[in-house]
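# Working through the structure, step by step
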Amino acid sequence: MVASGADVAVVGGLRVAVEDLWGAGAVLSTLVGGRASPEASVAAAAFAAIRPRLGEEMRACSSGRELSGLGFADDVAVASELDTSSVVPSLVDGVFRPA
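Residues numbered from 1 in each chain as written. Predicted model: local features only at pLDDT ≥ 70, side-chain atom pairs only at ≥ 80, totals over all residues. Heavy atoms only, no water.

As annotated in an unreviewed UniProt entry, the protein chain is Probable 2-phosphosulfolactate phosphatase from Actinomycetospora corticicola.

As structure tokens, then:
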């Protein structure tokens, strides 16, 4: 839970990928009100634009095509799910555990 008025930063990896922008936008769109940085606003807008077609867009992006071609289409489908888990993972000693 983020305290009201708290600052939040979303940091990605070095490989630029549109699905990272969408993921950051999904998180940020639920956290920020009217006071977001331009970067956060762009990420939230990018997610809002594809949200109705999230699964289709995930399969169509370069990483989705690459993973599907390697036999990981089911992983792409799971990554496309939105608001389906009631468990928040926490990384502990290199392993994700329910938080």
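It is worth spelling out helix 1 (residues 18–31) at this point. Compared with an ideal rise of 1.5 Å per residue, which puts 14 residues at 20 Å, helix 1 spans 20 Å between its outermost C-alpha atoms and is within 8% of the ideal. Buried positions along helix 1 lie against helix 2 (38–50), helix 3 (54–60) and helix 4 (62–69). (Helix = DSSP H or I, 4+ residues; strand = E, 2+ residues; numbered from the N terminus. Expected span 1.5 Å × (residues − 1). Contact = heavy atoms within 4.5 Å.)

For the rest of this paragraph, the subject is unusual backbone geometry. The backbone phi angle of Asp83 is positive, close to 60°, even though this residue is not glycine. Looking at the secondary structure, you find Asp83 in the loop between helix 5 (73–79) and strand 1 (89–92). Exposure remark for Asp83: the relative accessible area of 69% places this residue in the exposed category. Despite not being glycine, Asp93 has its phi angle at roughly 50°, a positive value. Residue class for Asp93 comes out exposed when judged on its relative accessible area of 78%. (Buried < 20%, exposed > 50% of the residue type's maximum accessible area, 1.4 Å probe, protein only.)

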